Structure formats: structure tokens, C-alpha cells
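One-letter residues, chain by chain:
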Amino acid sequence: MVNQILTHKEIEHKIKRIAYQIYEANVQETEIIIAGIEGGGLKFAKKISTVLEKITDSKITLCKVLMDKKNPLNSGVSTSLKQENYQDKSIVLVDDVLNSGTTLIYGVHHFLKTPLKQLKTAVLVNRNHKKYPIKADYKGISLSTSLHEHIRVEFKSKSDAVFLE
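Residues take numbers from 1 onward in each chain, read along the sequence in its written order. Confidence filtering applies because this is a predicted model: local features only for residues at pLDDT of at least 70, side-chain atom pairs given and counted only at 80 or more, and all residues used for totals across whole chains, interfaces and linings. To get the side-chain values, take all heavy atoms of the structure and skip hydrogens and water.

Participant: Give me the side chain of Ser90: which residues, what numbers.
Facilitator: Counting from the N terminus, the helices are DSSP H or I runs at least four residues long and the strands are E runs at least two residues long. Counting through the fold element by element, Ser90 comes out in strand E5 (residues 90–98). Exposure categories follow from relative accessible area, calculated using a 1.4 Å probe and restricted to protein chains: below 20% of the type maximum is buried, above 50% is exposed, and the middle band is partly exposed. By relative accessible area, Ser90 is classed as buried at 1%. Whenever a nitrogen or oxygen atom comes within 3.5 Å of another N or O atom, the pair is scored as a polar contact, on the condition that within protein one atom can donate a hydrogen and the other can accept it, and that pairs from neighbouring residues in sequence are kept only if both atoms are in side chains. Only 2.4 Å separates the side chain of Ser90 from the side chain of Asn26, close enough to count as a polar contact. A distance of 3.2 Å separates polar atoms of two side chains, one belonging to Ser90 and the other to Gln118. In what follows, a contact means two residues having at least one pair of non-hydrogen atoms within 4.5 Å. Those residues in contact with Ser90, other than ones at most four positions away along the chain, are Asn26, Glu29, Glu31, Ile32, Ile33, Lys117 and Gln118.

Participant: Describe the packing of aromatic side chains, naming the residues involved and giving the relevant values.
Facilitator: The geometry of an aromatic ring pair comes down to the distance between the two centres and the angle between the two planes. Put simply, two rings from Phe, Tyr or Trp (the six-membered ring, in Trp's case) pair if the centres are within 6.5 Å, and we call them stacked under 30 degrees between planes, edge-to-face over 60, tilted for the rest. If you walk through the whole model with that rule in mind, you get three aromatic pairs. Seen from their ring centres, Phe44 and Phe155 are 6.2 Å apart, and the 15° between their planes marks the pair as stacked. Here the residue Phe44 occupies a position in helix H2 (residues 40–55), and Phe155 occupies one in the loop between strand E8 (151–154) and strand E9 (161–164), the gap between them amounting to 111 residues. Take Phe44 and Phe155: they sit in the same class, and that class is buried. Ring geometry for Tyr86 versus Phe111: centroids 4.9 Å apart, planes at 70°, classification edge-to-face. Of this pair, Tyr86 sits in helix H4 (residues 83–86) while Phe111 sits in helix H5 (residues 102–111), placing them 25 residues apart in sequence.

Participant: Which residues make up the layout of surface pockets, and what values go with them?
Facilitator: Computed from the structure, the largest pocket encloses a volume of approximately 340 Å³. Lining residues are defined by having an atom within 4 Å of a point belonging to a cavity or pocket. Those points lie on a 1 Å grid over the protein atoms alone, cavities being sets where a 1.4 Å probe fits but cannot get out and pockets being open sets with protein on both sides within 12 Å along at least five of seven lines. What lines the largest pocket is a set of 14 residues, among which Asp95, Val97, Asn99, Ser100 and Thr103 lie closest to the centre. When residues of the lining of the largest pocket are traced back to their parent elements, those giving at least two are E5 and H5. Considering each element in turn, the lining of the largest pocket owes the most residues, four residues, to E5. Classification convention: Asp, Glu, Lys, Arg as charged; Ala, Val, Leu, Ile, Met, Phe, Trp, Tyr, Cys, Pro as nonpolar; all other residues, Gly among them, as polar. Among the residues making up the lining of the largest pocket, the classes are represented as four nonpolar, six polar and four charged. Grid points are joined across faces, edges and corners, and a volume is the space filled by probe spheres set on the points. Taken as a whole, the second largest pocket encloses approximately 280 Å³ of empty space. Surrounding the second largest pocket, 14 residues form its lining, Glu12, Ile15, Lys16, Lys47 and Val51 being those nearest its centre. Of all elements in the fold, only helix H1 (8–25) and H2 reach the threshold of two or more residues within the lining of the second largest pocket. With six residues, the single largest contributor to the lining of the second largest pocket is H1. Taken together, the residues of the lining of the second largest pocket break down into two nonpolar, four polar and eight charged.

Have a look at this one:
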């Protein structure tokens, strides 16, 4: 059974709200790094960046975070930006779904090897099934689901949606 949890319009509203929260937390910053985890996280990060560019004069820099989501420990984590490009900056690490926390914790670990002004996390869906001590600072929706249920996020032109399967 598939249930639609969020419609395109609801996702747009959540993206706007998250972008304003990020702006408010970084109002003094001249540059904000939005680091999207490849896949749905990067697509979500691009949408947040687009809204941020409209509401702030700060430079918004999009960073792609690459890792093997099934085995991040062995694959390692890399970014499209060099370390010196995000050193002493404010970073928001973005993913589409926070499930076990594995992807976010390894992404955070990568950035913590560098001195930063601040590091926050943003997700569209927080599932509350974490096996690591990580939380989403900005979240679109929190769902209490069973371990057997799956969240599917679709980012398609004018028909974004979130489904519970």
C-alpha cells in the first residue's frame, strides 16, 4: 500500500520555511554553504539554495557531498568544494530522508575535520529510527514509521511528492 505523505505544494512550503530558518540562523553571514548529499539530498539542497538566493544577499554556495550510502565507512566522503572553500564558514548538510542517521553522521564527520563557524543539518523527512546520535536541525516533517515501511521522495518538475510504502 502506498500513501502520499506530502504533495508538491506542501513540499514547496516546507522548502521555503526551512530556507527562512537557515537565513535567520545565518543573517550575519556573507556566505552560506548548502551541502547536499548526492541523490535526493542534493536535489533538496538545490531547491533550498534557490529560495535562499531570493531572500538573502549572502552568497549561497552549493556543495555536492559524495559517498556510498550503503557503506560510507569504506567509500569515504568527498565534496565538490575543496576544504579551504568551506573552512570557517557556515554549512548546512542536507539530505532528503533521515532514517538511521548513517549518511548524515558520516557527512558531518567529514566536515568536522575542518574548522567551521557552524554546521547544521536539514532533511525533508525525519523518520525517528536513528542508530547514531544525530538530529536534523531543520526538518520538513517528522514521521513515526515502522522499520518495515519505506519513504520514497520524488523530485520531479512541478510534481514533487513524498510517499510511505
